[in-house]
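# Chains, contacts and geometry: an overview
Below, each chain spelled out in residue letters.
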Amino acid sequence: MEKESRPSWDNPMQFILACVSYAVGLGNVWRFPYLCQMHGGGGFMIPYLVMLVLEGIPLFCMELAIGQKMRLGSIGAWSAISPYLGGVGMASVVTSLYLCLYYNVINAWSFWYLFHSFQAVLPWSQCPVNTNRTAFVEECEVASPTQYFFFRQTLNISPSIQQSGGVHVGQALCLLLAWIIVYLFIVRGVKSTGKVVYFTATFPYLVLLVYLIRGVTLHGALNGVKYMFTPKLEQLANPQTWINAATQIFFSLGLGFGSLIAFSSYNHHNNDFEKQAIAVSLINSGTSIFASVVTFSIYGFKATYNYENCLERMKLLLINTFDLAEESIHKQNISFWISELNQTHPDQFGLISSRVEHCSLEQELDTAVEGTGLAFIVYSEAITNMPAAQLWSVLYFFMLLLLGMGSMLGNVMAIITPLRDFKPLARSFSNETLNGLVCAFCLLLGIGFTTPAGNYWFTMFNEYGATFSLLFIVLIEVFTVSYIYGLKRFEKDVEDMLGRRPGWYWKVMWAAVSPLLLISLFIFYIINYIQGGVPTYQAWDKEKGRLVVTEYPVFGQAFIGVLLVSSVSCIPLAALYAFCTRHQREVPVRKGSARSRTSSV
């Protein structure tokens, strides 16, 4: 009766859109294209799709089944399976909390760029003048306008993690706005979230479609698309390619955070989660490929633009140095003239040798950038070179904002749903109050990311806050379902909900293939972490105008250890607590039984 009174999605489409909005996020736009670029373009699709079938779809379906059967959040669901497994849900909540703290900062950056897009001249398209108004700011000239705007005006970044300062007021206000919108999206729980996902899940596709049409019409765009779909099959022999494909599938679908369990806990008992799991997984992967075509068309445009500018600089350099006729040198024969002049006029050529650049379109396309560097620097630079740059800037950053907000809905629901299942909290606070307290708590902790050193802490949370713990959590999940709860018992639960037992594909994946893949990924992560030596981060050097690799200080390394251990430690600690509690309950029972036997004698 209590479970049946639980709120539900108005219809299955709301649930599908919520899962799509959660799974399709910023990683589809800035991580997947980077991996394609790193691992052989179209050749990366092969391991990616293989890992989707072997790992992504089975684990996605398993989490949906658990949430729908138990009709509880992650903590309640795993506690219902076994009292000793409540820590699995707690670990998911802690990991989701870490993600919420820094993920909404990206939305704050999107707001910042969106607001600055409504200007006659985009502020990242040119360098500002110095205080004397005699020249451009030196840091901007050494770096680039887009880098200067991101690192100096957006982040006001410090030289290292040790040097911090006051809060960036503009960023703090954008972060406040981001959390207010998240709160409004979830204020009434699943009822309000179910309405919001109609927009957050669909509008980004409209923007991507518009960008695709615009992108493929840009000069040089086809160079990028051709680069993407030209497979370098030798990359298939590289183990790192397969590992990155498996990791991308794992994190793109949002496994282990507890969000999928929370979403499916609001389903009706007989909802067909199996078909929905396949549909959402395919939509997510299809979106990654679709977004990559858009991204590589922009890559092609930017690479061609930089390549032709390089050729133009070399042409002018040779004409001015050697008094050549302008019509004698063109873009197609510059390499010939550089080689020829180097042989015929070695002394004169030696004077300009330091200014001679090697112009290569392939090299421009090979320059791989991911994460914030792709979203806020590379894309921004490409947009400045488009006609009607302000329009494309507004569309792009509004799309980023919706992608980020859609994922935030799932991240926050992963925290709120288990808290609502905790009866003392549910009796003490209304939905609106509890949701507001969670958002306010995350906002207060997230303010630290708006300080000058905040980006370094952001990077630390991004790299160490979830990866290790999620691999461990999902490994425990699939092992528990297959070998502790029991695969046959789980099959009966699926049959009870769907009216049919899972086929051989699901059973083979849950029992053998997926656990082995997860164990392999987990071992690889530990080995890679150990072999990596002292953890490093990229610090901004204003003198050089670029990022430089720097070792984390001792306190940074200690905090990384806390991030790695804090969430996974919930699993053994909760199991130990459950064991001690159960043991304490059994002792009085045994003593009572002994007394009754004595009195009867």
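Cut-offs and rules
Residues numbered from 1 in each chain as written. Predicted model: local features only at pLDDT ≥ 70, side-chain atom pairs only at ≥ 80, totals over all residues. Heavy atoms only, no water. UniProt positions renumbered as here; feature names shortened; annotations may be inferred. Helix = DSSP H or I, 4+ residues; strand = E, 2+ residues; numbered from the N terminus. Rg over C-alpha atoms; globule rule 2.2 N^0.38 Å. Buried < 20%, exposed > 50% of the residue type's maximum accessible area, 1.4 Å probe, protein only. Contact = heavy atoms within 4.5 Å. Areas by Shrake-Rupley, 256 points an atom, 1.4 Å probe, with all protein chains shown as cover. Lys, Arg positive; Asp, Glu negative; His and termini not counted. Charge placed at Lys NZ, Arg CZ, Asp CG, Glu CD. Disulfide = S-S within 2.5 Å. Core = buried A, V, L, I, M, F, W, Y, C linked by side-chain atoms within 4.5 Å. Pairing = 2+ DSSP bridges. Axes fitted to C-alpha atoms, helices over the stretch in contact; angles between N-to-C directions. Parallel < 35°, antiparallel > 145°, perpendicular 65-115°, else oblique. Left-handed = near helix turned anticlockwise from the far one by under 90°. Nonpolar A, V, L, I, M, F, W, Y, C, P; charged D, E, K, R; others polar.

The protein chain carries the name Transporter in an unreviewed UniProt entry, which gives Astyanax mexicanus as its organism. According to the UniProt record, the Sequence similarities (unreviewed entry) comment for the protein chain reads "Belongs to the sodium:neurotransmitter symporter (SNF) (TC 2.A.22) family."

This part covers the overall build of the protein chain. Assigned secondary structure in the protein chain consists of 28 helices and 2 strands. Here the C-alpha radius of gyration of the protein chain, 27 Å, is about what a compact globule of 601 residues would show, namely 25 Å. Principal axes of the C-alpha set define a box for the protein chain whose edges measure 120 × 55 × 45 Å. Looking at the protein chain residue by residue over its 601 residues, the buried ones come to 54%. Taking contacts inside the protein chain between residues at least 6 apart in sequence as the whole, the part at least 24 apart equals 82%. Here the protein chain has roughly 26,000 Å² of accessible surface; of this, 63% comes from carbon and sulfur atoms. Once the 37 positive and 36 negative side-chain charges of the protein chain are each reduced to a mean point, those two points are 17 Å apart.

What follows deals with the UniProt feature "binding site: Na(+)" (unreviewed entry) in the protein chain. Here the UniProt feature "binding site: Na(+)" (unreviewed entry) sits at Ala 23, Val 24, Asn 28, Ser 252, Asn 284, Leu 403 and Ser 407. Maximum C-alpha separation among the annotated residues is 12.5 Å over a sequence range of 385 residues, consistent with a single clustered spot. Turning to its location among the elements, Ala 23 is positioned in helix α1 (residues 12-23). Excluding residues that lie within four positions of it along the chain, Ala 23 makes contacts with Asn 28, Ser 252, Leu 253 and Asn 284. With respect to the helices and strands, the residue Asn 284 is situated in helix α15 (residues 273-322). In contact with Asn 284, not counting residues within four places along its chain, are Ala 23, Val 24, Asn 28, Tyr 48, Ser 252 and Leu 253.

Here we come to the state of the cysteines. Tallied over the full model, the rule gives 2 disulfides. A sulfur-sulfur distance of 1.9 Å marks the disulfide that ties Cys 310 to Cys 359. One quick way to see it: the torsion about the S-S bond of Cys 310 and Cys 359 is about -80 degrees, and its sign makes the bridge left-handed. Note that Cys 310 is positioned in helix α15 and Cys 359 in the loop between α17 (346-352) and α18 (361-366), a separation of 49 residues in sequence. Judged by its relative accessible area of 17%, Cys 359 is buried.

Side chains of nonpolar character tend, in soluble globular proteins, to be buried together. Core analysis: the largest hydrophobic core is formed by 175 residues, its most contacted members being Phe 60, Ile 66, Trp 179, Tyr 211, Phe 376, Tyr 396 and Phe 490. The biggest single contributor to this core is helix α6 (residues 86-116), with 18 residues. Excluding residues within four positions of it along the chain, Phe 490 makes contact with Met 62, Ala 65, Ile 66, Val 481, Tyr 485 and Trp 510. Leu 317, Ile 319, Phe 322 and Ile 329 belong to the second largest nonpolar core, which has 16 residues in total.

This paragraph deals with the pairing of strand β2 (residues 546-551). Pairing of strand β1 (residues 536-541) with β2 involves 6 bridges; the strand directions are antiparallel. The residue bridging Ala 539 from the neighbouring strand is Val 548, located in β2. Hairpin connection, β1 to β2: the antiparallel pair is bridged by 4 residues, and Gly 545 has positive phi, about 70 degrees.

Mapped onto the fold, Pro 145 is located in helix α8 (residues 145-154). Along the chain, Pro 145 and Gly 76 lie 69 residues apart, while their C-alpha atoms are 51 Å from each other. With residues up to four places along the chain from it excluded, the contact list for Pro 145 reads Trp 124, Ser 125, Gln 126, Cys 127 and Cys 140.

Right, let's get into the packing of helix α5 (residues 74-81) against α6. Here α5 crosses α6 at 165 degrees, and the two axes come no closer than 6 Å. Taken together, the axes of α5 and α6 lie roughly antiparallel to each other. In this structure, the crossing between α5 and α6 has a hand that is right-handed. Residues Ser 74, Ile 75, Trp 78 and Ser 79 of α5 form the contact with α6, whose participating residues are Gly 86, Val 88, Gly 89, Met 90, Ser 92 and Val 93. Its residues assigned to classes, the contact of α5 with α6 comprises 5 nonpolar, 5 polar and no charged.

Two elements in contact, α6 and helix α20 (residues 389-421), have axes whose closest approach is 9 Å; the angle formed by their N-to-C orientations is 160 degrees. Regarding the angle of α6 to α20, the classification is roughly antiparallel. Once α6 is placed against α20, the crossing between them reads as left-handed. Across the contact of α6 with α20, the residue classes break down as 19 nonpolar, 7 polar and no charged.

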